[in-house]
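# Coordinates in review
Okay, here's what each chain looks like letter by letter:
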Number of protein chains: 2
Amino acid sequence: MRSQLSTGTPDTGSQPRYAAIKAHIRAQIESGEWPAHFRVPSENQLAQDFNVSRMTARRALSELTDEGVLIRSQGLGTFVAEPVPAGSLLEVRNIADEVAARGHSYSNRILKLEQTTASTEVAVALGLAEGAAVFHSIIVHLDNDLPIQFEERYTNPTLVPEYLQQDFSAATPNEYLTRVAPLTEVDTTVEAIGADESVGSALDIKPGAACLQIWRRTKSSAGTVSFARLVHPGNRYRLGAQLRF
Amino acid sequence: MRSQLSTGTPDTGSQPRYAAIKAHIRAQIESGEWPAHFRVPSENQLAQDFNVSRMTARRALSELTDEGVLIRSQGLGTFVAEPVPAGSLLEVRNIADEVAARGHSYSNRILKLEQTTASTEVAVALGLAEGAAVFHSIIVHLDNDLPIQFEERYTNPTLVPEYLQQDFSAATPNEYLTRVAPLTEVDTTVEAIGADESVGSALDIKPGAACLQIWRRTKSSAGTVSFARLVHPGNRYRLGAQLRF
DNA sequence: TGTACATTCTTGTATATACAACTAATCAAT
DNA sequence: ATTGATTAGTTGTATATACAAGAATGTACA
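All chains use their own residue numbering, which begins from 1 and follows the written sequence. Written order determines the labels here, with chains lettered from A and ligands numbered from 1. Restriction of local features to residues with pLDDT of at least 70 applies here, the model being predicted, together with a cutoff of 80 or more for giving and counting side-chain atom pairs; totals for whole chains, interfaces and linings are based on all residues. Here the side-chain values reflect all heavy atoms present in the structure, with hydrogen atoms and water set aside.

Moving on: the overall build of chain A. Numbering of helices and strands starts at the N terminus; helices are DSSP runs of H or I of at least 4 residues and strands are runs of E of at least 2. Within chain A, the regular secondary structure consists of seven helices and nine strands. Expressed as a percentage of its 245 residues, the buried residues of chain A come to 45%. In chain A, of all internal contacts separated by at least 6 residues, the share reaching a separation of at least 24 is 58%. Carbon and sulfur atoms provide 51% of the accessible area of chain A, an area that totals close to 12200 Å². To sort residues, take the accessible area from a 1.4 Å probe on protein chains only and compare it with the maximum for the residue type: under 20% means buried, over 50% means exposed, and anything in between is partly exposed. Residues are treated as being in contact if the distance between any of their heavy atoms lies within 4.5 Å. Method for areas: the Shrake-Rupley scheme with a 1.4 Å probe, in which residue coverage is limited to the protein chains shown.

Take Q28 of chain B: it is sitting in helix α1 (residues 17–30). Since its relative accessible area comes to 19%, Q28 of chain B is described here as buried.

Let us now look at the packing of aromatic side chains. Any two of the Phe, Tyr and Trp rings considered here, Trp counted by its six-membered ring, make a pair once their centres fall within 6.5 Å; the pair's planes then place it as stacked at under 30 degrees, edge-to-face at over 60, or tilted in between. The final tally for this structure, using the stated rule, is nine aromatic pairs over all chains. Ring centres of F135 of chain A and Y163 of chain A lie 6.1 Å apart, and the angle between their planes is 10 degrees; on these two criteria the pair is classed as stacked. Taken together, the residues span a long stretch of sequence, with F135 of chain A in strand β5 (residues 133–143) and Y163 of chain A in the loop between β6 (146–155) and α6 (173–180) at a distance of 28 residues. Pair check on accessibility: F135 of chain A and Y163 of chain A agree, each one buried. Here the aromatic rings of F168 of chain B and Y176 of chain B are separated by 6.5 Å at their centres, their planes lie at 75 degrees, and the arrangement is edge-to-face. For F168 of chain B, a relative accessible area of 1% corresponds to the buried category. For Y176 of chain B, a relative accessible area of 6% puts it in the buried group. Ring pairing ties together the aromatic residues F135, Y163, F168 and Y176 of chain A, which thus form one cluster. For R59 of chain A, the ring lying beneath its charged end belongs to Y18 of chain A, and the centroid distance is 4.0 Å. A ring is scored as having a charge over it whenever the NZ atom of a lysine or the CZ atom of an arginine sits within 6 Å of its centre and within 35 degrees of its normal.

The next subject is the sheet that holds strand β2 (residues 70–73) of chain B. Residues and elements named next belong to chain B. Two strands are said to pair when DSSP picks up at least two bridges between them. Within the open sheet, the three strands sit side by side as β1-β3-β2. Their pairing is antiparallel. Of all the strands in the sheet, the pair left with one neighbour each is β1 (39–40) and β2. Here β1 runs beside strand β3 (residues 77–80); their pairing, made up of two bridges, is antiparallel. Within β3, the position partnered with V40 by the bridge is T78.

All names here are of chain B. Lines fitted to C-alpha atoms define the axes here, with helix axes fitted over just the stretch in contact, and angles between the N-to-C directions of these axes take values from 0 to 180 degrees. Closest axis-to-axis distance for the helix α2 (residues 43–50)/helix α3 (residues 54–66) pair is 8 Å, and the angle between their directions is 110 degrees. Here α2 is positioned roughly perpendicular relative to α3, judged by the angle of their axes. Note that α2 runs across α3; the crossing there is right-handed. Between α2 and α3, the residues in contact are E43, N44, L46 and A47 and R54, A57, R58 and L61, respectively. Only Asp, Glu, Lys and Arg are considered charged in this grouping, and only Ala, Val, Leu, Ile, Met, Phe, Trp, Tyr, Cys and Pro are considered nonpolar; every other residue, Gly among them, is considered polar. For the contact of α2 with α3, the per-class residue count stands at four nonpolar, one polar and three charged. Oblique is the label for every angle not falling under 35 degrees (roughly parallel), over 145 degrees (roughly antiparallel), or within 65 to 115 degrees (roughly perpendicular). Handedness of a crossing follows from how the near helix is turned relative to the far one, being left-handed for an anticlockwise turn of less than a right angle and right-handed for a clockwise one.

What follows is the structure, encoded as structure tokens:
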């Protein structure tokens, strides 16, 4: 318990008290004292150890969780997060292979698979008229049941009319499209974004968390085949690329 | 004021109360009702409007700030953040030109400019022996006095011996290097990261905020000239690229 | 044996309060 | 007219408290 009552006063010192707790936890992790999956002291324990209120200890744990250092689970406790593995952007084009190559199990969840009408942006990207029919799919790719990629894709139905009938648990959209419409050209755009709510819930990360977003327009000899947006949680899965300008 | 005392109870409803406040603020912004720089109601005002405690209103504002939607300033208030402008990754190679092309003023801050010894990684990247002398610079690039790029660079002193004597307020390192050692090849790696503390303080963003990190190794005919790490705050400045695989 | 319940520990939400630190504006004294 | 102190309003830090909700463990009962 605290001795004095309600002193909202940082002890004349420079940095706030929760920062000291954060620094301590970081130090334990970086020194290797607390490895991945190590169970961090509870809020009450930290409050006692550092002689602060539970809410102050809680703030330290919450911020470190937002920063991807810790993982919290109601009822269980707080644990040290796994260090981020490194992958290759080139291999992302066959994400199932990449996961398999790592010895993990690949799976996916199909959130949407429909025919809709092209918005202005989609029409321009696919070289169709505005309002024309397009296939729209949203798929989440998982590595050992952990979401690692959010894929939203618009596909040109005149070039790939049987897209909606495919079984994407057997072959990813990218694998299928590469097979039925051999690509001649790929345009790629890369950007860092904070996750919005739809991506956040699909990838099971907080809104605002660092993500790598890749826009990819694939063309075959007959025209633009599809237009995809791939989002990777940056704090869980680090991507690299060997690109040539 | 609240009528009843200390009900830590979400009103049987599904989502917490701060989420409703967040949703309301988001809606105002997205509808255009609250434009950029608009002053959002204060914590006390929101607490009154939504009949919650100040701390609950505060949580909504704080989370939206972490997510890059709002900007807070002690003593002044809370404001709607500017929507992120879009730029091109290709132009990043001449960041000063890019800023100028946007009609903004370019400037930079040199945080470090020194000669040091190569670590294992740096030695491998530059093709030097471990412990060999290398030039090390850390520069922050600013657009209208707002930090938009963190540049950490290791340069090969055998190829560019006069690197440390340069005036980088006149020409950026990239411009200078391109002039003195015409490039024949560039390797680039892209990844999304959460900002660490050193980058965060240099770019004036919170640790864990979404950033685009670019590793770039530039080679000339004589060998590897330099090895740079470029970090862009993703929530302030969106980057794109037209790359070809 | 096995199911159901109670207990306990954990994190999550919410409130009320206090004081610190910063900003802008007001007003008084120089 | 500039300086200086005061004041009001804002965000920032910190505490104490209460209850909700999830997870694990033990215990009583069928």
